[in-house]
Amino acid sequence: MADYDYDLFVIGAGSGGVRAARMSALRGARVAIAEEYRVGGTCVIRGCVPKKFLVYASAYSKAFKEAEGYGWSVGDARHDWTTLCDNLHAEVDRLSGIYWKNLSNSGVEIFQDRAELIDANTVKLVKDSRTITAKYILIAVGGKPARLGIEGEEFAISSNEVFHLKQRPKHVVIQGGGYIACEFAQVFAGLGSKVCQIYRGDTVLRGFDDDVRAHVHEELKRSGVRVMTHANITRISELAGGRRKVETDTGEEIEADIVIQAVGRIPHTDGLGLEAAGIETAANGAIAVDTYSQTNIDNIYAVGDVTDRINLTPVAIREGAAFAATVFGDEPTAFDHADVASAVFTQPPVGVVGLTEHEARQKFGKVDIYKTTFKPMKNSLSGSESRMLIKLVVRQDNEQVIGVHMAGDDSPEIIQAVGIAVKAGLTKSQFDATCAVHPTVAEELVTLKEKWKPPEIS
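Residues numbered from 1 in each chain as written. Predicted model: local features only at pLDDT ≥ 70, side-chain atom pairs only at ≥ 80, totals over all residues. Heavy atoms only, no water.

1. Remarks on the overall build of the protein chain
For clarity, the cut-off: Secondary structure is summarised from DSSP: a helix means a run of H or I of at least four residues, a strand means a run of E of at least two, and numbering begins at the N terminus for each. When we talk radius of gyration, it's over C-alpha atoms, and the globule rule is simply 2.2 Å times the number of residues to the 0.38. Remark: exposure states derive from per-residue accessible area (1.4 Å probe, protein chains only) relative to the maximum for the residue type, with buried under 20%, exposed over 50%, and partly exposed in between. In this analysis, two residues are considered to be in contact whenever any of their non-hydrogen atoms come within 4.5 Å of each other. Areas reported here follow the Shrake-Rupley algorithm with a probe of radius 1.4 Å; residue values treat only the protein chains shown as occluding.
Of the regular secondary structure elements, the protein chain holds 14 helices and 21 strands. Here the protein chain has a C-alpha radius of gyration of 24 Å; the compact-globule value for 458 residues is 23 Å, and the two agree. Viewed in the frame of its principal axes, the protein chain has a C-alpha envelope of about 75 × 65 × 45 Å. Here the protein chain holds 458 residues, and the buried ones make up 51% of them. Taking the intrachain contacts of the protein chain between residues at least 6 apart in sequence as the baseline, contacts between residues at least 24 apart amount to 61%. Split by element, the accessible area of the protein chain, about 21800 Å² in all, is 49% carbon and sulfur.

2. Comments concerning helix 12 (residues 411–423)
Rule in force here: Helix span, as expected, comes to 1.5 Å for every residue beyond the first. Note on bend: at a given residue it equals the angle between the axes fitted to the 7 residues ending there and to the 7 starting there.
Compared with an ideal rise of 1.5 Å per residue, which puts 13 residues at 18 Å, helix 12 spans 17 Å between its outermost C-alpha atoms and is within 8% of the ideal. Along its length, helix 12 shows its largest kink, about 30°, at alanine 417. Within helix 12, the full set of buried residues consists of Ser411, Pro412, Ile414, Ile415, Val418, Gly419, Ala421 and Val422. On its buried face, helix 12 is in contact with strand 17 (342–344), strand 18 (350–354), strand 20 (388–395), strand 21 (401–407), helix 13 (428–432) and helix 14 (444–447). One or two residues past the end of helix 12 sits glycine 425, with phi positive at roughly 75°.

3. Details of the pattern of salt bridges
Stated formally: Salt bridge, as applied in this entry: a Lys or Arg side-chain nitrogen positioned within 4 Å of an Asp or Glu carboxyl oxygen.
This structure, assessed with the given rule, holds 32 salt bridges. The residue lysine 144 makes a salt bridge to aspartate 270 at a minimum N-O spacing of 2.9 Å. Taken together, the residues lysine 144 in strand 7 (residues 143–145) and aspartate 270 in the loop between strand 15 (265–267) and helix 8 (274–277) connect sequence positions 126 residues apart. For aspartate 257, the salt bridge is made with arginine 243, and the minimal N-O distance between the two is 2.8 Å. Taken as a pair, aspartate 257 in the loop between strand 13 (253–256) and strand 14 (258–261) and arginine 243 in the loop between strand 11 (233–238) and strand 12 (244–248) lie far apart in primary sequence, 14 residues in all. A residue is classified by how much of its surface remains accessible, and aspartate 257, at 23% relative accessible area, is partly exposed. We classify arginine 243 as partly exposed; its relative accessible area is 26%. Through salt bridges with shared partners, one network takes in Asp209, Asp211, Glu357, Arg361, Lys371 and Lys391.

4. Overview of helix 4 (residues 81–105)
Taking 1.5 Å per residue, 25 residues should reach 36 Å; helix 4 reaches 36 Å between its end C-alpha atoms and fits that length. Turning to helix 4, its buried residues are Trp81, Leu84, Cys85, Leu88, Val92, Leu95, Ser96 and Leu103. Immediately beyond the C-terminal end of helix 4, within one or two residues, lies glycine 107, with a positive phi of roughly 90°.

Structural data, given as structure tokens:
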């Protein structure tokens, strides 16, 4: 048997890579991991965690106004960007340190270096100019912000750089209509910035249920965001004082303090040496894997966003754990990617699980729809016009609930529990047999009785 430096070498110390490394080491494998930036990956360092802190911060401005309806006099509320960022980065540092400590305590050797493949069993550490061999290699390098190649886009920042702004911009232009673009649009609007969101499509959140898309679009406008649809940025230029000018294909020109390109994310595989190892990839650079996360090269696996299956942190973690069980636990394990619940932290937020109405009709033909839009009880006194959307998609032939879509306060918290029901294949009758918790917005999930019918066209 060949003599390798390690049983497993992991490239990328994000959530998926860290979980795979730790679980493999705890099963007795000799494991090393390389990370070119910071341990913790996108989610901890420049994604889910710091973004949600910004969401929390921006939501207070709305809460202060709504509190007046409940008798509170808040006074002259002011926000300090520096305090927010200092506290945010302190927490990110703490979490990154925990990831590092957990890896180390599990016996994983950590290299703060970029690793690139030389062949199927060898990697090169770029800074150290050192080669390392391993019986198995796991690629977990995640994704990176996409760029469109428009003129002057060097004057725009991506979501990565948002967390390092020295001061809050007074005027922001955001390019994109996905969840990252929508989340940051409302973050800056809530903090007091003037925000213009430019999107090429007809409405935001492509890929989500149409009712959710329309609902979020209206809530963006309600929060003060100017949403320009059917528009593309054609050029970005720098003005005096560091300001930016955006030109669009509609002929409009907009000046702003910063421009954020939030046009999706792509697998972070450039220069990784995949060709040298013979690894097959998709056109966008995603690594092709089977249900066990194995590539076309027997000893090389990949998990997380780099495979472009479901690009969510919890999914990467489960894929990493399944890899460790499969390769070092003699327990072939494939993570089931069906019915994975997810959230969008717009304001109000979105929670979804299962199929959209469109997907359900394509797959099953006849479906029943149960949905409602209403003003939550909290808003009765607050004066807020924000509304809640709840929608159930049900197979007509067996009553199975195959999709739940929510937009409104607490939707992400609620959808985690509802995801269990959808994953278990529960029926509408079983939803109906569940007693409501009153008064809550979630009780609508078990009290919706009337099937939705499209309005008649006169």
